[in-house]
Amino acid sequence: MGAARLIGYSRSAGFVLTVIVDPIDEAGITAWKTRGSDLRDYLEGEGDGD
């Protein structure tokens, strides 16, 4: 099974982050400030399950 990509707002960072998470132990592998289409989709509410 591959790693999971999570996108969400970080209050401590003050911006939207993309985080890659190991599915076995749920540890963060890497993270970066979200930009481009991922940020646009997040702000428009895409992928929120609604």
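Residues numbered from 1 in each chain as written. Predicted model: local features only at pLDDT ≥ 70, side-chain atom pairs only at ≥ 80, totals over all residues. Heavy atoms only, no water.

**What about the pairing of strand β2 (residues 15–21)?**
Turning to step 1, where the next piece is worked out: Within β2, 5 of the 7 residues are buried, leaving the element largely enclosed by the surrounding structure.
Turning to step 2, where the next piece is worked out: Examined bridge by bridge, strand β1 (residues 4–10) and β2 share 7 bridges and lie antiparallel to one another. Looking at the pairing, Leu6 lines up with Val19 of β2.
Turning to step 3, where the next piece is worked out: With antiparallel pairing between neighbouring strands as the criterion, β1 and β2 make up a hairpin whose turn holds 4 residues, including Gly14 at a positive phi of roughly 85°.
Turning to step 4, where the next piece is worked out: Pairing of β2 with strand β3 (residues 28–33), which is carried by 5 bridges, proceeds in the antiparallel orientation. For Thr18, the partnering residue across the bridge sits in β3 and is Trp32. (Buried < 20%, exposed > 50% of the residue type's maximum accessible area, 1.4 Å probe, protein only. Helix = DSSP H or I, 4+ residues; strand = E, 2+ residues; numbered from the N terminus. Pairing = 2+ DSSP bridges.)

**Focus: the sheet that holds β3**
Turning to step 1, where the next piece is worked out: The strand order across the open sheet built from 3 strands is β1-β2-β3, with neighbouring strands paired in antiparallel fashion. Of all strands in the sheet, those with a lone pairing partner are β1 and β3, marking the two edges. Mean inter-strand twist for the sheet, computed between neighbouring axes without regard to direction, equals 25°.
Turning to step 2, where the next piece is worked out: Sheet contacts for helix α1 (residues 36–43): β1 and β2; angle to β1, the most-contacted strand, approximately 60°. (Axes fitted to C-alpha atoms, helices over the stretch in contact; angles between N-to-C directions. Contact = heavy atoms within 4.5 Å.)

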